[in-house]
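Summary of structural features
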Amino acid sequence: MNAPVLVDAHHHLWDLSHRPQPWLDDPDVASIRRTFTAEDLRSTATHPIAGRRLHSTVVVQCVAEVAETEDLLALAEREPLIQAVVGWADLTSRAIGDVLDQLVAGPGGGYLRSLRHLVQGETDPSWPQRPDVERGLRAARDRGLRYDVLVRDHQLDQAIRLAERFPDLPQVLDHAGKPTIARQDIADWERRMRQLAGHPHVVCKVSGLITEADHTRWTTADIRPVWDVLLSAFGPDRLMFGSDWPVANLAGGWNRWAATVDALLTGWSDSDVHALLVGTATAFYSLPPVAAEGDETARTT
């Protein structure tokens, strides 16, 4: 019988000696301004959730460079922990189709499952609806890729319009749309999230919540109202666990977030727990079937 395991559907890795991460120049993130490797994650993520321990992960891009995506794909090819990559490519480029084909054909290309752009940093409120962006999204869709939507709570209308315009492009909302937990003001976020959840091809990552709370004083009680909205709006079969490590280290780290999720899962059925911790991510990212812990023979691309 397979040992119960979990999938971390959202984390990052970077090697500052190989590729700079300019966003780390911000003084607010000085504590994570160092290299983080897959082995660092493996040794750090020790707290079980519902008796499950980390089995596999989805690594997500940080910078708008195809070269970083190539790095992550090559890493996935040699690192058993990583089973999928969310990469970046310039959706506005007329050569987007050729770029995606080259990524898939390159080292580790079979691990490319989704694309992401930091829409949260775009000042154009209709950026996802630009004709050149939509052309790029169609190219991703036509190659069987998904799209990770990264917006802040005040930009959720963009995610809703994207869901409306691309009903045949599987989409996942990263970090639950970044609700303003620290201000304890989630009414507008909740309204938009329920509207977004009305699109069945959209799922949601339960990730990045602790860095939207007060970094030093947050408690499980601060997270619960957001958790309850997500469960009510999407249901367990459309939610997936993500750590957002090592960014999560700014507000307590992988293990504290895992302990919080463990507490919030109290009373859940085994099938619902499995959906959140394994099933939704496996289905969305087409991950290989989970084998018994320690059995690498089932790892395929």
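See the structure printed just above.
Residues numbered from 1 in each chain as written. Predicted model: local features only at pLDDT ≥ 70, side-chain atom pairs only at ≥ 80, totals over all residues. Heavy atoms only, no water.

**Observations regarding the overall build of the protein**
Filter applied, for reference: Only DSSP runs of H or I reaching four residues or more are called helices, and only runs of E reaching two or more are called strands; each is numbered from the N terminus. Radius of gyration here uses only the C-alpha atoms, and the compact-globule reference equals 2.2 Å multiplied by the residue count raised to the power 0.38. Each residue's exposure class comes from its accessible area (1.4 Å probe, protein chains only) as a fraction of the maximum for that residue type: buried when under 20%, exposed when over 50%, partly exposed otherwise. Only heavy atoms matter for contacts: two residues are in contact if any of them lie within 4.5 Å across the pair. Each accessible area is a Shrake-Rupley result for a 1.4 Å probe, and residues are judged covered by the shown protein chains and nothing else.
Broken down by element type, the protein carries nine helices and eight strands. Here the C-alpha atoms of the protein give a radius of gyration of 18 Å, agreeing with the 19 Å that 2.2 N^0.38 yields for 301 residues. Reported as C-alpha extents along the three principal axes, the dimensions of the protein are approximately 50 × 45 × 40 Å. By residue count, 55% of the 301 residues in the protein fall in the buried class. Within the protein, counting contacts between residues at least 6 apart in sequence, those at least 24 apart form 81% of the total. Carbon together with sulfur atoms contributes 50% to the accessible area of the protein, which is approximately 12,300 Å² in total.

**Considering the sheet that holds strand S7 (residues 202-206)**
Where strands meet in a sheet, backbone hydrogen bonds hold them as pairs that are either parallel or antiparallel. Heads up, the rule is: Strands are treated as partners if at least two bridges between them are detected by DSSP. For helices, the fitted axis covers only the stretch in contact; all axes are lines through C-alpha atoms, and the angles between them, taken along N-to-C directions, range from 0 to 180 degrees.
One open sheet holds the eight strands; their spatial order is S1-S2-S3-S4-S5-S6-S7-S8, and the pairing between them is parallel. Lying at the two open borders of the sheet, with one neighbouring strand each, are strand S1 (5-11) and strand S8 (239-241). Within the sheet, the average angular offset between the axes of one strand and its neighbour, ignoring direction, is 30°. By the bridge criterion, three bridges tie strand S5 (residues 146-149) to strand S6 (residues 171-173) in an arrangement that is parallel. The residue of S6 that forms the bridge with Val-149 is Leu-173. Those strands touched by helix H7 (residues 220-234) are S7 and S8, and its axis lies near 160° from that of S7.

**Observations regarding the pairing of S1**
Applied cut-off: A crossover gets the label right-handed when its path from the first strand over the helix to the second runs clockwise, viewed with the strands pointing away from the viewer.
Summarising burial for S1: seven of the seven residues are buried, a large majority. Here five bridges tie S1 to strand S2 (residues 53-60), and the two strands are oriented parallel to one another. If you follow Asp-8 over to S2, its bridge partner there is Thr-57. Read as a crossover between parallel neighbours, the route from S1 over helix H1 (residues 38-44) to S2 is right-handed.

**Concerning helix H8 (residues 254-264)**
Put simply, the rule reads: Arc definition: it is the arc formed by the directions from the helix axis to the C-beta atoms.
Along H8, the residues that are buried comprise Trp-254, Trp-257, Ala-258, Thr-260, Val-261 and Leu-264. Down the axis of H8, the buried set is contained in an arc of 160°. They therefore lie on one face.

**Details of the environment of Pro-107**
Within the secondary structure, Pro-107 sits in the loop between helix H3 (96-105) and strand S4 (112-117). Among the residues examined, Pro-107 registers a relative accessible area of 57% and is labelled exposed. Along the sequence, Pro-107 and His-199 sit 92 residues apart, while their C-alpha atoms lie 35 Å from each other. Beyond its immediate sequence surroundings of up to four residues, Pro-107 is in contact with Leu-73, Ala-74 and Glu-77.

**Observations concerning the layout of surface pockets**
Our working rule: Here a cavity denotes a set of grid points, spaced 1 Å apart and computed over the protein atoms alone, in which a 1.4 Å probe fits but from which it cannot get out, and a pocket denotes an open set meeting protein on both sides within 12 Å along at least five of seven lines; residues with an atom within 4 Å of a point are reported as lining. Grid points are joined across faces, edges and corners, and a volume is the space filled by probe spheres set on the points. Gly counts as polar in this scheme, as do all residues outside two lists: the nonpolar Ala, Val, Leu, Ile, Met, Phe, Trp, Tyr, Cys and Pro, and the charged Asp, Glu, Lys and Arg.
Computed from the structure, the largest pocket encloses a volume of approximately 570 Å³. If you go around the largest pocket, you meet 22 residues; those closest to its centre are Trp-23, Gln-120, Arg-152, Lys-178 and Val-247. Of the residues contributing to the lining of the largest pocket, the split by class is seven nonpolar, eight polar and seven charged. Roughly 300 Å³ of internal volume is contained in the second largest pocket. Lining the second largest pocket are 17 residues, with Trp-14, Asp-15, Asp-71, Leu-72 and Leu-75 sitting closest to its centre. With six residues, helix H2 (residues 66-78) is the single largest residue contributor to the lining of the second largest pocket. Across the lining of the second largest pocket, the residue classes tally to seven nonpolar, four polar and six charged.

**Considering the pairing of S7**
With five of five residues buried, S7 is to be regarded as a mostly interior element. What you see with S7 is no split at all: Val-202, Cys-204 and Val-206 on one side and Val-203 and Lys-205 on the other are buried throughout. The pairing of S6 with S7 spans three bridges and is parallel. Within S7, the position partnered with Val-172 by the bridge is Val-203.

**Some remarks on helix H4 (residues 131-142)**
The condition is simple: Expected helix span is taken as 1.5 Å per residue step, with the number of steps being one fewer than the number of residues.
Taking 1.5 Å of rise per residue, twelve residues should cover 16 Å, and H4 covers 16 Å from first to last C-alpha, within 8% of that figure. Contact partners of the buried residues in H4: H3, S4, S5 and helix H5 (156-165).

**Brief notes about the packing of aromatic side chains**
The condition that has to hold: Stacked, tilted and edge-to-face are the three classes assigned to paired rings of Phe, Tyr and Trp, where Trp is represented by its six-membered ring and a pair needs centres within 6.5 Å; plane angles under 30 degrees give stacked, over 60 edge-to-face, the rest tilted.
Taken as a whole and judged by the stated rule, the model has six aromatic pairs. With centroids separated by 5.5 Å and ring planes inclined at 80°, the aromatic side chains of Trp-14 and Phe-36 adopt a geometry described as edge-to-face. Taken together, the positions of Trp-14 in the loop between S1 and H1 and Phe-36 in the loop between S1 and H1 put the pair 22 residues apart, joining distant regions of the chain. A residue is classified by how much of its surface remains accessible, and Trp-14, at 3% relative accessible area, is buried. With centroids separated by 5.6 Å and ring planes inclined at 50°, the aromatic side chains of Trp-227 and Trp-268 adopt a geometry described as tilted. Here Trp-227, found in helix H7, pairs with Trp-268, found in the loop between H8 and helix H9 (270-284); they are 41 residues apart in sequence, far enough to count as distant. Grouping residues by exposure puts Trp-227 and Trp-268 together as buried.

Functional significance is not addressed by these values, which are geometric in nature.
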